[in-house]
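Report on the structure
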Amino acid sequence: MRFFRDNGLSVVLIALSLFTIAGMLLTGLYAYGRELTDHGSGDLGLVAYAKTGHFLSALFENWESEFLQMSAYVMLTAFLFQRGSAESKNPDEPPEQEEDPALKHGDPEAPWPVHLGGFAKWLYSYSLGIALGLLFLSTFVLHLCYSSQAENAEALLHGQPTVSIAEHLASASFWFESFQNWQSEFLSTAVIVILSIFLRFRGSPESKPVAAPHGQTGA
């Protein structure tokens, strides 16, 4: 029980992720199966569908936009401010996030890169943004590959010529897929940054205390 108390947020979010992926897989199989039937092709099984560009393109297209949002947010909040927002550092006070890790060199509870110093400490200092940026680039490439596969499968159904990955990268359809998700991620982030100035949710670390003035910045 202690494990679930200490890790409940991660457990629930991972469970919800798996549940919604399963829902996406089942509904996508039904939708794609109807499309194949309309074109006189045979049905696909669940495992076969899970390997198609139709499913994997949509999956990585969404992951790509999420990792873009998170990496951009982590990096932008290191340099930019929004007075009054629970999501921003206070522009008038030096935040603890900018504390020099060298001051904790002798702290036995500090992570090992802090003790090691040098490049390891520098890399660790920006590791969250770097990891999220790499996840974005990885899912962008996977989205591109499987989106190209999905487009070629659609082309074959209609007796049209297929395209290379490079041609698909230069196509308007691929960038439409990306931009339609990117814009929603940036908009939703802007919404929570601005709404957290004026609105509250008691008990959430993403909210300021209920009685905090609107001008208070940070949680």
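Residues numbered from 1 in each chain as written. Predicted model: local features only at pLDDT ≥ 70, side-chain atom pairs only at ≥ 80, totals over all residues. Heavy atoms only, no water.

**Section: the overall build of the protein**
How we decide: The way it works is that DSSP assigns letters per residue, a run of H or I at least four long becomes a helix, a run of E at least two long becomes a strand, and they are numbered from the N terminus. Using a 1.4 Å probe on the protein chains alone, a residue whose accessible area is under 20% of its type maximum counts as buried, one over 50% counts as exposed, and one in between counts as partly exposed. Only heavy atoms enter the contact rule, under which two residues are in contact if any of them lie within 4.5 Å. Only four residue types enter the tally: Lys and Arg on the positive side, Asp and Glu on the negative side; His and the chain ends are excluded. Where a charge sits is defined by one atom per residue type, namely NZ (Lys), CZ (Arg), CG (Asp) or CD (Glu).
A tally of helices and strands in the protein yields 8 helices and 0 strands. The order of helices and strands in the protein, counted from the N terminus, is α-α-α-α-α-α-α-α. Each of the three principal axes of the protein carries a C-alpha extent, and together these read 65 × 45 × 40 Å. Buried positions account for 29% of the 219 residues belonging to the protein. For the protein, the proportion of contacts with a sequence separation of at least 24, taken over those separated by at least 6, is 56%. Distance from the positive charge centre (11 side chains) to the negative charge centre (22 side chains) of the protein: 13 Å.

**Looking at a nonpolar patch on the surface**
Definition in use: Within the patch definition used here, like charges are joined within 9 Å and nonpolar side chains (Val, Leu, Ile, Met, Phe, Trp, Tyr) within 5 Å, considering only residues with over 30% relative accessible area and no salt bridge. Every accessible area reported is derived by Shrake-Rupley at a probe size of 1.4 Å, with residue values counting cover from the shown protein chains alone. Throughout this description, the term salt bridge denotes a Lys or Arg side-chain nitrogen within 4 Å of a carboxyl oxygen of Asp or Glu.
Together, Phe119, Trp122, Leu123, Tyr126, Ile130, Leu134 and Leu137 give the surface a local cluster of nonpolar side chains, amounting to about 730 Å² of exposed area. When contributions to the nonpolar patch are tallied by element, the ones reaching two or more residues are helix H5 (118–125) and helix H6 (127–157). Structurally, the position occupied by Tyr126 is in the loop between H5 and H6.

**Here we look at the environment of Ala50**
Within the element layout of this structure, Ala50 appears in helix H2 (residues 46–50). Ala50 gets classed as partly exposed once you look at its relative accessible area, which sits at 24%. Counting along the chain gives 21 residues from Ala50 to Leu29, while the straight-line C-alpha distance between them is 8.2 Å.

**Quick look at the packing of aromatic side chains**
Basically, it comes down to this: Classification of ring pairs uses Phe, Tyr and Trp, with its six-membered ring standing for Trp, and accepts pairs whose centres are within 6.5 Å; under 30 degrees between planes counts as stacked, over 60 as edge-to-face, and the remaining range as tilted.
For the structure on display, the rule yields 15 aromatic pairs. Centroid distance Phe3 to Phe4: 5.4 Å. Interplanar angle 85°. Geometry classified as edge-to-face. Judged by centre distance (6.1 Å) and plane angle (50°), the rings of Phe136 and Phe140 are tilted. With Phe136 and Phe140 both in helix H6 and 4 residues apart, this pair spans about one turn of that helix. An aromatic cluster is built from Phe136, Phe140, Phe174, Trp175, Phe179 and Trp182, whose rings are joined through pairwise contacts.

**A short note on the pattern of salt bridges**
Tallying each qualifying case throughout the model produces 3 salt bridges. The salt bridge partner of Arg83 is Asp92, with a shortest N-O separation of 2.9 Å. Using a relative accessible area of 45% as the deciding quantity, one classes Arg83 as partly exposed. Shared partners join several salt bridges into a network, and the residues in it are Arg2, Arg5 and Asp6.

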